[in-house]
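So the chains spell out like this:
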Amino acid sequence: MKADLFDQRRLLELQAVDTTLTQLDQRRRKLEADDAVPAARRRIQALNDRVASLQADIADLDRDIKRIEQEVELVTKRAENDRSRMASGAAAPKELEGLQSELESLARRQNSLEDDELEYMERREGLEGELAESRSQAEEAERALAEAEADHAGKLERLKTETDDASSDRRALTIAIPDRLVELYERIHARQPIAAAELVGRRCGSCRIEKSPADMAPIQAAPIDEVLRCEECNAILIRSDPPTDSGRPAPRDELDEFTR
Ligand SMILES: [Zn+2]
C-alpha cells in the first residue's frame with residue numbers, strides 16, 4: 001500500500017489518541033473499583049446499627065429503673081404504714097415485734113433496690129456516653145461519605161470530558177486520514193494496542209526491537225510513500241527521519257515537503 005507520508009504520520013496522532021483512550025478506560029475501571037464510597041456507606045450502616053442497639057439497651061434500662069422506683073415506693077409506703085401503726089400505740093406487744101421485724105426487712109429490701117438502681121443508673125450513663133460518641137462518629141461518617149461521593153463524581157465527570165474530547169479528536173482524525181489507511185490501522189488495532197509506531201533510528205516504537213542492518217535494507221530502499229509494517233510486531237512502521245546510515249544521501253527536501 002502506498003500513502004502520503006504526511007497521512008502516514010497522522011496515524012501516529014491517531015495512535016496517541018487511542019493510547020489516551022485506553023488509559024482513560026483503565027482509569028475509569030480503577031475508579032469504578034475504588035472502595036471509598038461503599039466503605040463509607042458500610043461504616044455509616046455499622047454506626048447506625050450501633051446507635052440503634054445502644055438506644056434499645058438504654059430503653060431496657062429505663063424500664064428496669066422505673067420498675068425499681070415503683071417497688072421502692074411500695075416498700076416506703078409499707079414502712080410508713082408500719083411506723084404509723086407502731087406509733088399509734090394500738091398494737092399489742094406481739095404485733096409490735098412483728099412490725100419491727102418487717103421494718104428491718106423492708107429497710108434491707110430498700111437498700112438492695114437502691115443499690116440496684118444506682119448500678120443501673122451508672123450503666124445507663126456509660127451507655128449514654130457511648131451513644132453520644134457513636135452519633136458523633138455517624139455524623140462524621142456522613143460527611144466523609146458526602147466528600148467521597150463528590151470526589152468520585154468529580155473524577156468521573158473529568159474522565160468523561162477527557163474521553164469525549166479524545167473521542168472527538170479520534171473522529172476528526174479518521175475523517176482526515178485516507179480511508180484505506182484508517183481501515184488498515186483499525187484492522188491491526190483490533191488485534192493489538194499499538195497499531196502504528198514510529199521507526200526511531202533502527203528501533204520500532206511499538207515492539208522496541210532494534211532492526212538488524214539486513215532488516216533495515218528493504219526499509220531504506222522502500223519509497224517514502226510505501227506503507228511499511230514491522231516484521232516483529234506487525235505495526236505500521238512510520239519513518240520520521242530519512243534514512244541516513246545506508247550511505248545514500250538523506251532525501252531531506254522530499255521529507256520536508258511531506259512533513260511541513
Ligand atoms: Zn515492532
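Residues numbered from 1 in each chain as written. Predicted model: local features only at pLDDT ≥ 70, side-chain atom pairs only at ≥ 80, totals over all residues. Heavy atoms only, no water.

**Student:** What exactly am I supposed to notice about the coordination of the zinc ion here?
**Tutor:** Put simply, the ideal angle at a metal is 109.5 degrees for four donors in tetrahedral geometry and 90 or 180 degrees for six donors in octahedral geometry. Only Cys204 (SG), Cys207 (SG), Cys230 (SG) and Cys233 (SG) from the protein coordinate the zinc ion, and they sit 2.3 Å from it. In terms of primary sequence, the donors binding the zinc ion are separated according to C-x2-C-x22-C-x2-C. Placement of Cys204 in strand S2 (residues 203–204) and of Cys230 in the loop between strand S3 (228–229) and strand S4 (236–239) is noted, with a sequence separation of 26 residues between them. On the basis of relative accessible area, Cys230 is assigned to the buried category, the value being 2%. (Donors = N, O, S within 2.8 Å, 3.2 Å for Na, K, Ca; no water. Helix = DSSP H or I, 4+ residues; strand = E, 2+ residues; numbered from the N terminus. Buried < 20%, exposed > 50% of the residue type's maximum accessible area, 1.4 Å probe, protein only.)

**Student:** Any chance you could explain the pairing of strand S1 (residues 196–200) here in plain terms?
**Tutor:** Here four bridges tie S1 to S4, and the two strands are oriented parallel to one another. Directly across from Ala197, in S4, lies its bridge partner Leu237. Here S1 runs beside S2; their pairing, made up of two bridges, is antiparallel. Across the sheet, residue Leu199 finds its bridge partner in S2, namely Cys204. (Pairing = 2+ DSSP bridges.)

**Student:** Which parts of the structure should I look at to understand the side chain of Glu117?
**Tutor:** Here Glu117 lies in helix H3 (residues 93–176). Buried Glu117, no salt bridge; nearest opposite-charge side chain is Arg124, N-O distance 9.9 Å. Once residues lying within four places of it in the same chain are set aside, the contact partners of Glu117 are Ile65, Ile68 and Glu69. (Lys, Arg positive; Asp, Glu negative; His and termini not counted. Salt bridge = Lys/Arg side-chain N within 4 Å of Asp/Glu carboxyl O. Contact = heavy atoms within 4.5 Å.)

**Student:** Would you take a moment to explain the confidence of the model for the chain for this structure?
**Tutor:** Detailed reading of the predicted model is not advised wherever pLDDT is low. When pLDDT is averaged along the chain, the result is 92; 92% of the residues meet or exceed 70. Throughout residues 243–260 the model reports pLDDT below 50, and contacts reaching past four residues in sequence, or to other chains, amount to 24 contacts. (pLDDT = per-residue confidence, 0-100.)

**Student:** When you look at the nonpolar core in this model, what are you seeing that I'm missing?
**Tutor:** One broad rule of soluble globular proteins: the nonpolar side chains tend to lie buried together. In this structure, Leu11, Ile177, Tyr185 and Ile236 are the most contacted members of the largest nonpolar core, which totals 22 residues. When contributions to this core are tallied by element, the ones reaching two or more residues are helix H1 (5–33), H3, helix H4 (179–191) and S4. Leaving out residues up to four positions away in the same chain, Ile177 has contacts with Asp7, Arg10, Leu11, Leu14 and Val182. Counting residues in each nonpolar core, the second largest holds 15 residues, with Leu54, Ala79, Leu103 and Leu106 among its members. (Core = buried A, V, L, I, M, F, W, Y, C linked by side-chain atoms within 4.5 Å.)

**Student:** When you look at the domain arrangement of the chain in this model, what are you seeing that I'm missing?
**Tutor:** Frequently, the measure chosen for interface size is the accessible area that the parts lose on association. As assigned here, the chain comprises domain 1 (5–27 + 177–259) and domain 2 (29–162). Each of domain 1 and domain 2 has a C-alpha centre, and the two are 75 Å apart. At the interface, four residues of domain 1 touch five residues of domain 2. Taking both sides of the interface into account, the surface hidden between domain 1 and domain 2 amounts to around 500 Å²; carbon and sulfur atoms contribute 43%. Put simply, domain 1 and domain 2 have two salt bridges between them. Linking domain 1 with domain 2 are six residue pairs in polar contact (both at pLDDT 80 or more), by the criterion used here. The residue inventory of the side of domain 1 that touches domain 2, partitioned by class, reads one nonpolar, one polar and two charged. (Domains from an automatic or database assignment. Buried area = accessible area lost by both parts, 1.4 Å probe. Polar contact = N/O pair within 3.5 Å; in protein donor to acceptor, adjacent residues only side chain to side chain. Nonpolar A, V, L, I, M, F, W, Y, C, P; charged D, E, K, R; others polar.)

**Student:** Before we go on, may I ask you to explain the packing of H1 against H3 in this structure?
**Tutor:** Helix-helix packing is characterised by the crossing angle of the two axes and by the distance between the axes. The N-to-C vectors of H1 and H3 enclose an angle of 160°; their axes lie 9 Å apart at closest approach. Taken together, the axes of H1 and H3 are roughly antiparallel relative to one another. Our pair here, H1 against H3, has a crossing hand that is left-handed. Across the contact of H1 with H3, the residue classes tally to ten nonpolar, four polar and nine charged. (Axes fitted to C-alpha atoms, helices over the stretch in contact; angles between N-to-C directions. Parallel < 35°, antiparallel > 145°, perpendicular 65-115°, else oblique. Left-handed = near helix turned anticlockwise from the far one by under 90°.)

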